[in-house]
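For reference, the chains in residue letters:
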Amino acid sequence: MLLVYMSFTGNVRNFVERTGFSSIELNPANPFIEINEPFLVVVPSYVGYINDDVIDFIDYKQNRNNLIGFVGSGNRNFDEMFCINAKELANKYQKPVIFKFEYNGTEQDIEKFKKEVKSIGISGTKY
Ligand SMILES: Cc1cc2nc3c(=O)[nH]c(=O)nc-3n(C[C@H](O)[C@H](O)[C@H](O)COP(=O)(O)O)c2cc1C
């Protein structure tokens, strides 16, 4: 199981690294990479950014067949727009948002997220 992520100011990168899962950072200039194992997409929230690049990635070759769902990082002050990118992408691809956190996530968030991954039984995890 792989975490495929984007990060503009480092929060998502920091969260992903602390989870200990294998990961790949998407390069917005070239999101056309092929993934041949189940993956979650972890995205920050910036309206009008990110989604087009993630869509290019997911629609590339057979990637969509390995898409499990989405994880969002955001700021709760945005209220109903909290983690809006993850929500929009989940809606587009009809896949779940399996976890949301603020900024780079607390230690509790990391533990909750790992439990969530374990509970959905993604093959190839380290657990
Ligand atoms: C210009 C700007 C717009 C943002 N818009 C949203 C938003 O609509 N919803 C939200 O939940 N968080 C929003 N955020 C918060 C970021 O998504 C959040 O800080 C995230 O952790 C950044 O991740 P990154 O450091 O990996 O880029 C915004 C932050 C900035 C600077």
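Here the structure is shown first, and the text comes after it.
Report on the accompanying structure.

Basis of the calculations
- Residues numbered from 1 in each chain as written.
- Predicted model: local features only at pLDDT ≥ 70, side-chain atom pairs only at ≥ 80, totals over all residues.
- Heavy atoms only, no water.
- Phe/Tyr/Trp six-rings, centres within 6.5 Å; stacked < 30°, edge-to-face > 60°.
- Helix = DSSP H or I, 4+ residues; strand = E, 2+ residues; numbered from the N terminus.
- Buried < 20%, exposed > 50% of the residue type's maximum accessible area, 1.4 Å probe, protein only.
- Lys NZ or Arg CZ within 6 Å of the ring centre and 35° of its normal.
- Patch = residues over 30% accessible without salt bridge, like charges linked within 9 Å, V, L, I, M, F, W, Y side chains within 5 Å.
- Areas by Shrake-Rupley, 256 points an atom, 1.4 Å probe, with all protein chains shown as cover.
- Salt bridge = Lys/Arg side-chain N within 4 Å of Asp/Glu carboxyl O.

1. Some remarks on the packing of aromatic side chains
Evaluation of the coordinates by the stated rule reveals nine aromatic pairs. On the numbers, 5.9 Å between centres and 85° between planes, the contact of Phe21 with Phe113 is edge-to-face. Of this pair, Phe21 sits in the loop between helix 1 (11-19) and strand 2 (22-25) while Phe113 sits in helix 4 (residues 107-119), and the two are 92 residues apart along the sequence. What makes Phe21 buried here is its relative accessible area of 6%. Ring pairing ties together the aromatic residues Phe15, Phe21, Phe99, Phe101 and Phe113, which thus form one cluster. Its end group placed over the ring of Tyr93, Lys92 keeps NZ or CZ at 5.3 Å from the ring centre.

2. Describing a nonpolar patch on the surface
Side chains of Val47, Phe78 and Met81 sit close together on the surface and give an oily, nonpolar patch of about 300 Å² of accessible area. Take Val47: it is sitting in the loop between strand 3 (39-43) and helix 2 (51-58).

Geometric values such as these leave the question of function open.
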